[in-house]
Amino acid sequence: MTRGLRPTVRGTTLTVLGVATLALGLLARYPGLVALGVAALGLVVAALVGLVLPAPLDVTQRLEPARTPRLGPAAARVALRNASPWLPLVVAGTESVAGRELPLAPMHLAPRATGEVEVPVPTDRRGLVAVGPFVLERRGLADLVRSRERRGGSSTLQVVPRLLAAAAPPAGRRRGHVGAQERVEHGGTDLVGLREYVPGDDLRRLHWASTARVGTPMVREDADPAQPHLTVLLDDRADAYGEVGDGFEEAVDAAASLVQACAADGVPARCVTLTGRLDVEVPAGVPGTDEPLRAAAHAVDRLTFVAPAATTGLDAAVGVPPGGGAVVDVLVVVTGARAPLPALLLAGRGAATLVLLVVDPAPARVPAAPGVAVTAWACALLLLACVPAASAFTSPVVLAPLAGAVLVPVALVALARRLRVPAWATGTAVVALVLVVAASVARVGAVGPGPDAADGADGSAWRSTGAAAALGPVADAVARLLTAPRPAAPVLALPVVVLTALVALGVALALGRRAPARTAPLVGASVLYGAALLLTAGAADRGVVAVALVAVAAAGWVLLGGDAVGREREAPRLGHAARGPRTRWRAGGVAGLVVVGLVAVAGVASAGAVAGRPFEPREHVTPPRVPAAAVHPLAELSRWQTDAGATVLRVAGTHPGHLTWVTLPDFDGTGWSADLDLREVGTVVEPSLAPGRGRAPVDVEVELVALAGPSGSPGTWLPSVGDVVATTAPRALVDVDTGVLAVPPTPDGRLPAGLTYRVRGEADAPDAAHAAAAGVPGGAEVDRYLRLDRVPADLRAYAQDVVAGAHSRLDQATVLADTVRADRELAVDAVSGSSYARLREFLFADRADGGQVGTSEQFAGAFAVLARAVGLPSRVVLGFTVPGGAAQDDPAPRDVRGADVRAWAEVYLAGPGWVRFDPSPDAATASGVVQDARPQDAGTPVEDDVPVDEPQDAPPPDVDGDGADRDEATTGVAAGVVALALAAALVGAALLAVAVLAVLGALRRRRLRAAGVVGAWQHATEALARRDGPPRAAATALDLAERITELTGVETSAVARDAEAVAFGAAEVGDDGAAWRCAREADRRLRRGAGPGRRLAWWFAPTPRGRRPVPPGTDRRAVSSGTGRPAR
Amino acid sequence: MTDAVTTVAEFRVLHGRVVDAVEHAVHGKRPVVELVVAALFSGGHVLLEDVPGTGKTTLARAVAAALGGTSRRIQFTPDLLPADVTGTSVLDPATGEVRFRPGPVFSHVLLADEINRAAAKTQSAMLEVMAERTVTADGTTHTVPDPFLVVATQNPVDLDGTYRLPEAQLDRFLLRVSLGYPDLEHELAVLRPGSSAGDVGAVPVVTSPDEVARFVRELRAVHVADPLLRYVRALGEATREDARTRLGASTRALRALVGAGQVQAAAQGRHYVVPSDVQRVAHAVLEHRLVLTREAQLEGTTAADVVAAAVEAVDVPRPAAV
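Residues numbered from 1 in each chain as written. Chains lettered and ligands numbered in written order. Predicted model: local features only at pLDDT ≥ 70, side-chain atom pairs only at ≥ 80, totals over all residues. Heavy atoms only, no water.

J.: Any chance you could explain the side chain of R875(A) here in plain terms?
T.: Residues and elements named next belong to chain A. By the element assignment, R875 lies in strand β31 (residues 874-881). According to the relative accessible area criterion, R875 is buried, its value standing at 5%. Within polar-contact distance, the side chain of R875 engages the backbone oxygen of D737 at 3.3 Å. Of note is the side chain of R875, whose polar atom sits 2.8 Å from the side chain of E906. Beyond its immediate chain neighbours, meaning those up to four positions away, R875 contacts T663, L664, P665, W672, D737, T738, Y785, R868, W904, A905, E906 and W914. (Helix = DSSP H or I, 4+ residues; strand = E, 2+ residues; numbered from the N terminus. Buried < 20%, exposed > 50% of the residue type's maximum accessible area, 1.4 Å probe, protein only. Polar contact = N/O pair within 3.5 Å; in protein donor to acceptor, adjacent residues only side chain to side chain. Contact = heavy atoms within 4.5 Å.)

Printed below as a string of structure tokens:
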């Protein structure tokens, strides 16, 4: 006995797929891919575990008969015995026949039961056929892993040529060879020789004259002049026969049949092969006697081992067959369809009669197409994998073209297969069709922003000619999709549709091949699924669809059978499945269902453990930039402040009490400016500085009043708040670093009059506790906000003096704001400007010299410069304060007037994000920090804060000032989450198992109910077994009924008798309903009397097996199907 | 089906009548009487084995009386010759012809008292007539009446001067039953003066040989389901595989078991056999056919132990729907 454990192609593919998706999922931090990988690997592990124990199986086999004619019946009987006393066994395997492995249908063996499979031995070729050994093939879950063990011995079958019903050449047609040329119609006797008498010779044949002459008894040797002499010339050259079919085999059959027919009629015959390797004679004899038949049998035996020779040419064939002097009367040449016939005709020139038999076998059969169920399964997998892709688009309508992209190629391939178009031609045609359709659609439907013209100029040389030019729009569609806002418009789904169609085509073509693994659908589905995750940066699925994919694939493999979808095409299955499909499903399916459920739970749980920022492919594709007119908006500040009563705009909804008009992050010493990077709203671009940890939602509706129109402010900035996620403003653009919203410039360079739009997004909402403890980040990202070219020394010294006593960054900013605000006057008519000179004048000069007075621009600008001087990243914001402050779902529009237009500053702190500071004396709130959360000890120094004058040494932007503590806390929380998830998974798995068992139990009860009185009785006995344990072997139905009555008081003996009558006597019994009610009552009382544990598990406990009521050697079917009743 | 049901219904009544009739003479042994009557209607022979004075001969005679046909009795002795049993050819001086004079076996019920006292060749003469129901004398085969029931008795205690019955002959007995002593109540009733116990003359004739022969034929049609046949086969195999037996139940034994089971079922009014029918007759049918090993005999094991173990060990087929 040899053992071999090996993964199947399917298992290997699934393992590779699992490892690959797991690795990619962990690398890209896609929970869906991780779930897919874990589920796939979990299935493989479950399959491996199932094959570890050896199978308790005894195998014996015998061959019947040992010799058979070609195409005659021959069978090996493989007896399989389950040696285990308690374990039922599902036996599948292959019987080695003539070097081929013939699969046997799975057989279900009860403990100690014996089954027999009749393996028909193919007898289509002559010679010796080795039969055996039996190879026990065990398959793990879904045929992912197999083990092979050789069991039993082997034997040999001799396949001899088939003897067809042939007649010997008719007598009386031959010309007499002695003298006369006349036809001898009725036979006769020609003396052809004399020989000495041997005992046994007929005395009447003594030739007395010669005897007298010689002195020794001499016997006549006569020849029948009417007796034909047949010579069969068998063409045994391989090239005379085609490579397909059994041409040579049939030729040998014909030759053997002729020889045998001659022997049966006592006609002499001779069989010669064309290459001369065989030359046997069958002498003439009395018809029906043994001698010629023995000779014929010998000839047939010799013919058994004649093989086609590789000889070419006709040298040996031409002329009378070798054999020297033999009579050639009738010559039959048996040859194949490819033999050169004219030359062979010459071979018969020495014969009186020539017959040329040309064997032309039927062509080989065309391989069958995969079944509808398999195709439907594959389509379902692909369609399921397409579902996550829908979340990458604004409308689920995109699923329709995706479904079409799955179904159309599959249908085309099926049609082509029916029309017998070769697969390569189908593939090429469908690929071409897909590309042509895609190119047409791309050309017609190319909308939205395309790649930059400059990029196109550099990289478009390849598309200047031929097909590349035609496919250019298709390639552009990919770039267009990847740079489009997310979710994208459905019209941009073209690349996904093309990919889906190509994958579906590949899967459909792979299904047509005879690959037994059937992994193509899952691989294709994984590709589509991965593409969907890439499109959505892993957000499309948290693992649910992934495990569903694996579950559907496994279900297909199990239900459609590794065999139904695969090997059935290769060879017929032998034997008969011992149980029907339903019971097979019950036995194998329940375990499989539980395993798949566990794997699914593990997959989803592992997906929950994936943390971190997922891989975003769009970050590696530069989205198109939209140029926008940069009009300096600060000049508008004084205009609106002088026109203080004008209603600039109206605001309603949820907002923090102020709107940003434009953010000015850049300072060059002469003034503030904004170098913005405007892109479409929704385009995936990460801001250079991480958003704050605390975020507040913003959902505001803005109506532009005086701000827009011909008399409004120049420029196309739209008031907004925070980071914009979505807006109803048409063709709006956004700068992700500053959150500035804009629309493309109008001809007059102003906003369209009466524009009303809605903005949704999030804004940093720093709380005091975190802000007080926060540091500032370092690195290149903050350089923009710290830039102070040639800052005057007195400004820097002033700033450092001011913050000298401050303990935290927040305190520094607060002290700076307080200092700027103190003793200074806000005047709407003050001199504008933010240059160093203007700020020094504002800060240091006397009031008489124009100092100490400024607009909010000077207050904000001075604060921002001083903040930068002490290492606080800062920027100036021009915006609007909303009267009434922050609002939550405020439906009433509030008027924002000219006086509410003002400038303020923002400081970036690691963690809280941008914190608003308004250093103007009339500011409603001095800073954007939520004060009520501020801790009492906010003044204590921050340990890991960085020195004020060394901002570059500060922690990187994405690390908190107190990173170590937070990391620890985060790790602890993550571990807790994982543990929680695992516990939840375990509980879920247990609940799932309980639910499955309960459902199975309910189904079983339903089947029992439908089975009449026998079902009722079984219900009662199963209840008894749950209460008492399995009954003793010898207990009859009446014994059990007595026990039930003893325990419950319910009289069940009538039910038992009726059940026996039905089971053993094929009798009709009365009221099934009464029997069932009785059984239910017994069940109820038995449950009531059982212990608490048994009562709890009563409804979902597995059916008590124990000692099944089957005598040894009984086929389990007999009992499970009603104990073998006689036919009615 | 209807015919079988009718037959069974008739038989149930008849069976009850026969048992009741026999009970006129044999008190307190209804189960044994039922078994013997069952054997009668299975067309088999019965071996009554018990110590003297327990009513063996009474039972046999009562059964013969209830049957109403001819019954003969042979007291087997060591000098009994085969011809004394089967009959012999004699010269009829009147006609001057050699004529076959039938022996006692030419009757419906043959009481073979103390059968183990006869010599081997006399016992072997019984073999043919028990199995073949024919007697061959002087080359001529004579058929015994139908039905033909041998009720033999033997004494298991007093073994001096006896010839142990060969296995082949034991196998031809359908049943072997022991009567045992009656219980207190019945023994008192037997002892009470005026009791009809042992009075075979009081046994009414309740049936006829023809009726018995008809039921023997028709009860063969009682349905035996396939699982039951497997069950019977498994019981037989269990006795064969038992390490304590040198010889297990033969196929003839299992056939007998099925037949006895059929009659048991019919006696209960069923036209089909259930496992308890088989279990009820298993001991009586199988025990006397088993040959134990010497070791087992020395250990005190009896054939009853082996049969009981087999019945306990083999799974009973029970009705099951799914």
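J.: Before we go on, may I ask you to explain helix α4 (residues 247-265) of chain A in this structure?
T.: For an α-helix, the turn length of 3.6 residues means that residues three or four places apart are oriented alike. The terminal C-alpha atoms of α4(A) lie 27 Å apart, and with 19 residues this matches the ideal 27 Å at 1.5 Å per residue to within 8%. Remark: G266(A) follows α4(A) within two positions and exhibits a positive phi of approximately 75°. (Expected span 1.5 Å × (residues − 1).)

J.: I would appreciate a short explanation of the sheet that holds strand β19 (residues 658-664) of chain A in the present structure.
T.: Residue and element names in this part refer to chain A. Spatially, β19-β31-β33-β34 is the arrangement adopted by the four strands of the open sheet, whose pairing is antiparallel. Edge positions in the sheet fall to β19 and β34 (913-917), since each of these pairs with one other strand and no more. Across the sheet, the axes of successive neighbouring strands diverge by a mean angle of 40°, strand direction being ignored. Here helix α22 (residues 856-869) sits on the sheet in contact with β31, β33 (901-909) and β34, set at roughly 15° to β33. (Pairing = 2+ DSSP bridges. Axes fitted to C-alpha atoms, helices over the stretch in contact; angles between N-to-C directions.)

J.: Any chance you could explain unusual backbone geometry here in plain terms?
T.: Among all residues save glycine, negative phi is the norm, and among peptide bonds the norm is trans. That bond from D146(B) to P147(B) is cis: its omega, 0°, falls within 30 degrees of zero. Topologically, P147(B) is positioned in the loop between β7 (140-143) and β8 (149-154). With a phi close to 65°, L71(A) is a non-glycine residue in the positive phi region. Looking at the secondary structure, you find L71(A) in the loop between β3 (67-69) and β4 (75-82). Given the relative accessible area of 46%, L71(A) is considered partly exposed.

J.: Can you help me understand the nonpolar core in this one?
T.: Side chains of a nonpolar character, in soluble globular proteins, are inclined to be buried together. Among the nonpolar cores identified, the biggest contains 84 residues, and V22(B), F41(B), L59(B) and L257(B) are the most heavily contacted of them. No other element matches helix α10 (residues 251-267) of chain B, which puts ten residues into this core. Counting 82 residues, the second-largest nonpolar core is a separate cluster that includes V702(A), L733(A), A774(A) and L839(A). (Core = buried A, V, L, I, M, F, W, Y, C linked by side-chain atoms within 4.5 Å.)

J.: So what exactly am I meant to see when it comes to the confidence of the model for chain A here?
T.: In low-pLDDT regions, the fine details of the predicted coordinates are not to be read closely. All names here are of chain A. Across chain A, the average pLDDT comes to 76, with 80% of residues at 70 or higher. Highest mean pLDDT in chain A belongs to helix α25 (residues 1037-1048) (90); lowest belongs to helix α29 (residues 1116-1120) (35). Here residues 322-326 is a poorly scored stretch, pLDDT under 50, and it has six contacts once near neighbours within four places are set aside; other chains count. Counting contacts from residues 447-459, a segment whose pLDDT is below 50, to residues more than four positions away or on other chains yields eleven contacts. (pLDDT = per-residue confidence, 0-100.)

J.: Explain the sheet that holds β4(A) here, please?
T.: The pairing of strands in a sheet happens through backbone hydrogen bonds and is either parallel or antiparallel. Residues and elements named next belong to chain A. Overall, antiparallel pairing links the three strands, which are arranged β2-β4-β7 in an open sheet. Edge positions in the open sheet fall to β2 (57-64) and β7 (114-120), since each of these has one partner strand only. Going from strand to strand, the sheet's axes swing by 20° on average, the running direction of each strand aside.

J.: What exactly am I supposed to notice about the environment of L866(A) here?
T.: All names here are of chain A. The residue L866 is located in helix α22 in this model. Take L866: its relative accessible area is 0%, and that puts it in the buried class. In this structure the C-alpha to C-alpha distance between L866 and A797, which are 69 residues apart in sequence, comes to 9.4 Å. What L866 contacts, discounting residues up to four positions off in sequence, is L795, Y798, A799, L816, V820 and L843.

J.: Would you take a moment to explain the pairing of β34(A) for this structure?
T.: Successive residues of a regular strand alternate their side chains across the two faces of the sheet. Residue and element names in this part refer to chain A. Burial analysis of β34 places five of its five residues in the buried class, the great majority of the element. By the bridge criterion, five bridges tie β33 to β34 in an arrangement that is antiparallel. Note that in β34 the partner of E906 across the bridge is R916. What sits between β33 and β34 in their antiparallel hairpin is a turn of three residues, with G911 showing a positive phi close to 110°.

J.: Explanation requested: the pattern of salt bridges in the structure shown.
T.: Pairs can form between side chains of opposite charge whenever their charged atoms are close. Residue and element names in this part refer to chain A. One pass over the full model with this rule turns up 53 salt bridges over all chains. With its nearest N and O atoms 3.4 Å apart, the salt bridge here joins E762 to R695. One end of the pair, E762, is in strand β28 (residues 756-764); the other, R695, is in strand β23 (residues 695-704), and 67 residues separate them in sequence. The class of E762 is partly exposed, set by a relative accessible area of 37%. E825 serves as the salt-bridge partner of R847, at 2.6 Å between the closest nitrogen and oxygen. Taken together, the residues R847 in the loop between α21 (836-844) and β30 (853-854) and E825 in strand β29 (residues 825-826) connect sequence positions 22 residues apart. On the basis of relative accessible area, E825 is assigned to the partly exposed category, the value being 37%. Each of R650, E703, D895 and R897 takes part in one network of salt bridges that share partners. (Salt bridge = Lys/Arg side-chain N within 4 Å of Asp/Glu carboxyl O.)

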